[in-house]
Amino acid sequence: MNHWYHILQIFDLFDIKGNGVIEFGEFVRSLGIFHPNAPLEDKIAFAFRLYDLRHTGYIEREELKEMVLALLHESDLVLTEDVVETIVGKAFREVDTRDNGRIDQEEWKDFVLKNPSLIRNMTLPCLKDITLAFPSFIVSSVYEDSEV
């Protein structure tokens, strides 16, 4: 899977209205997820939607593998297919506590709370400076269509 697919996945998450355009309000609201003061639950939910590549409401084994491969590619790490399968299999067994072949939002949340480093990249410290410089920049996960 090429990197454009993952870029489009992020675009879709920022495009709250789903109209193919990221409007300024959508951008600010989505960027707010990365603010240091954004609620942890919002960060966990956003990360879940990022991994749920097929928008089924679950993270399936193949989706997890695609994300692992994308992360390895971005890190310029090359691992054999066997090693990747071992990593994905171990991670999936650990997260899929219901043992039903898919990870739901509750399983994901429980796993991330035990392993907070998984969403470490969901915080951009520089956004705190924006809040200090522009106090009206308020992070909120609740929005109305008219606000976005």
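Details of the structure are given in the entry above.
To start, this report covers the structure provided alongside it. Note that the structure is a prediction, hence the values are computed from the model and not measured.

## A short note on the nonpolar core
In this structure, F34, F46, I59, L64 and W108 are the most contacted members of the largest nonpolar core, which totals 28 residues. The element that contributes the greatest number of residues to this core is helix α3 (residues 40-51), accounting for six residues. Among residues more than four places away in sequence, those in contact with F46 are L13, F14, I33, F34 and M122.

## Thoughts on α3
Side chains of residues three or four places apart in an α-helix project in the same direction, reflecting 3.6 residues per turn. An ideal rise of 1.5 Å per residue puts 16 Å on twelve residues; α3 measures up with 17 Å between its terminal C-alpha atoms. When α3 is considered as a whole, its buried residues turn out to be D42, K43, I44, F46, A47, F48, L50 and Y51.

## Focus on the packing of aromatic side chains
This model, assessed by the stated rule, comprises four aromatic pairs. Centroid distance F14 to F27: 6.2 Å. Interplanar angle 45 degrees. Geometry classified as tilted. Of this pair, F14 sits in helix α1 (residues 3-14) while F27 is found in helix α2 (residues 24-31), placing the two residues 13 residues apart along the sequence. Look at F14 and you get buried, because its relative accessible area is 9%. Each member of the aromatic cluster is reached from another via a ring pair, and the members are F14, F27, F34 and F46. Stacked on the ring of Y58, the Lys or Arg R102 has its end atom at 3.6 Å from the ring centre.

## A closer look at the packing of helix α4 (residues 61-74) against helix α5 (residues 81-95)
Packing of α4 against α5 leaves a shortest axis separation of 10 Å and a crossing angle of 125 degrees. The orientation of α4 relative to α5 falls into the category oblique. The element α4 and its partner α5 pack so that their crossing is right-handed. Of α5, the residues touching α4 (which contributes R61, L64, K65, V68, L69 and L72) are E81, V84, E85, V88, G89, A91 and F92. In the contact of α4 with α5, the residues fall into eight nonpolar, one polar and four charged.

The rules behind each value
- Residues numbered from 1 in each chain as written.
- Predicted model: local features only at pLDDT ≥ 70, side-chain atom pairs only at ≥ 80, totals over all residues.
- Heavy atoms only, no water.
- Core = buried A, V, L, I, M, F, W, Y, C linked by side-chain atoms within 4.5 Å.
- Buried < 20%, exposed > 50% of the residue type's maximum accessible area, 1.4 Å probe, protein only.
- Helix = DSSP H or I, 4+ residues; strand = E, 2+ residues; numbered from the N terminus.
- Contact = heavy atoms within 4.5 Å.
- Expected span 1.5 Å × (residues − 1).
- Phe/Tyr/Trp six-rings, centres within 6.5 Å; stacked < 30°, edge-to-face > 60°.
- Lys NZ or Arg CZ within 6 Å of the ring centre and 35° of its normal.
- Axes fitted to C-alpha atoms, helices over the stretch in contact; angles between N-to-C directions.
- Parallel < 35°, antiparallel > 145°, perpendicular 65-115°, else oblique.
- Left-handed = near helix turned anticlockwise from the far one by under 90°.
- Nonpolar A, V, L, I, M, F, W, Y, C, P; charged D, E, K, R; others polar.

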